[in-house]
Amino acid sequence: QVQLVESGGGLVQAGGSLRLSCAASGSIFSINAMGWYRQAPGKQRELVARITSGGSTNYADSVKGRFTISRDNAKNTVYLQMNSLKPEDTAVYYCKAAVSGPNYDYWGQGTQVTVSS
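Calculation rules
All residue numbers refer to position in the chain's written sequence, counted from 1. The predicted nature of this model means local features are confined to residues of pLDDT at least 70 and side-chain atom pairs, given and counted, to a pLDDT of 80 or more, with totals for whole chains, interfaces and linings taken over all residues. Side-chain descriptors were evaluated using all non-hydrogen atoms of the structure, hydrogens and water having been removed beforehand. For the purposes of this analysis, a disulfide is any pair of cysteine sulfur atoms at a distance within 2.5 Å. A run of H or I in DSSP becomes a helix once it reaches four residues, and a run of E becomes a strand once it reaches two; helices and strands are each numbered from the N terminus. Burial status follows relative accessibility: with a 1.4 Å probe on protein chains alone, a residue under 20% of its type maximum counts as buried, one over 50% as exposed, and anything between as partly exposed. We call two strands paired when DSSP finds no fewer than two bridges between them. Axis lines are fitted to C-alpha atoms, over the contacting stretch for helices. Their N-to-C directions set the angle, which ranges from 0 to 180 degrees. Should a side-chain nitrogen of Lys or Arg be within 4 Å of a carboxyl oxygen of Asp or Glu, the pair is scored as a salt bridge. The definition of a polar contact used here is a pair of N or O atoms within 3.5 Å, where within protein one atom must be able to donate a hydrogen and the other to accept one, and adjacent residues in sequence count solely through side-chain atom pairs. Residues are treated as being in contact if the distance between any of their heavy atoms lies within 4.5 Å.

1. Digging into the state of the cysteines
Following the criterion strictly, the structure yields one disulfide and no others. Between the sulfur atoms of Cys 22 and its disulfide mate Cys 95 the distance is 2.1 Å. The disulfide joining Cys 22 to Cys 95 has a torsion of about -80° about its S-S bond and is therefore left-handed. Placement of the pair is Cys 22 in strand E3 (residues 18-26) and Cys 95 in strand E9 (residues 91-99), with a sequence separation of 73 residues. Overall, Cys 22 belongs to the buried group, its relative accessible area being 0%.

In structure tokens:
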């Protein structure tokens, strides 16, 4: 079992910044990768950024150059630094942990990010 607790969402004006945090606890040794996803009203949940246990990262094209995913292994926490925010970034952001043995995905409760124009 892995528990994920997200924080850091809120309301920000376009062009502003926010940093999301996702703290993992439980069977963290089984985590292969962690990622941030988002879901806007009426849309499917989509990948925003992902980081593997080896430190490799990948991003959605829409956030490249603006968002940065990072991890603090000592704190078992993954961050999403979001800069130059746009109204279209407005969504509920979810943290996901992918584990193995057996393969399973754990999700956080989500945090709302609202970008006003």
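2. Quick look at the sheet that holds strand E1 (residues 2-7)
Where strands meet in a sheet, backbone hydrogen bonds hold them as pairs that are either parallel or antiparallel. Read from one edge to the other, the open sheet built from four strands follows the order E1-E3-E8-E7, with strand pairing classed as antiparallel. What marks the edges here is a single partner per strand, and that holds for E1 and strand E7 (67-72). Pairs of neighbouring strands in the sheet enclose a mean axial angle of 15°, with direction left out of account. Across six bridges, E3 lies against strand E8 (residues 77-82) in antiparallel orientation. In the sheet register, Arg 19 faces E8, and the bridge partner there is Gln 81.

3. Some remarks on the pattern of salt bridges
Two side chains of opposite charge can pair, provided their charged atoms sit close to one another. Counting across every chain of the model gives five salt bridges. Of the charged contacts in the structure, one is a salt bridge between Arg 38 and Glu 46, with a shortest N-O distance of 2.7 Å. For Arg 38, a relative accessible area of 6% puts it in the buried group. Where Arg 38 meets Asp 89, a salt bridge forms, and the shortest distance between an N and an O atom there is 2.9 Å. You can see Arg 38 sitting in strand E4 (residues 31-39) and its partner Asp 89 sitting in the loop between E8 and E9, a full 51 residues away along the chain.

4. What about the side chain of Arg 66?
Take Arg 66: it is sitting in the loop between strand E6 (57-59) and E7. In this structure Arg 66 comes out as buried when scored by relative accessible area, which is 10%. A distance of 2.9 Å separates a polar atom in the side chain of Arg 66 from the backbone oxygen of Ser 62. A polar contact of 2.8 Å, which involves the side chain of Arg 66, links it to the side chain of Asp 89. Sequence-distant contacts of Arg 66, defined by excluding residues within four places in its chain, comprise Gln 81, Met 82, Asn 83, Ser 84, Leu 85, Lys 86 and Asp 89.

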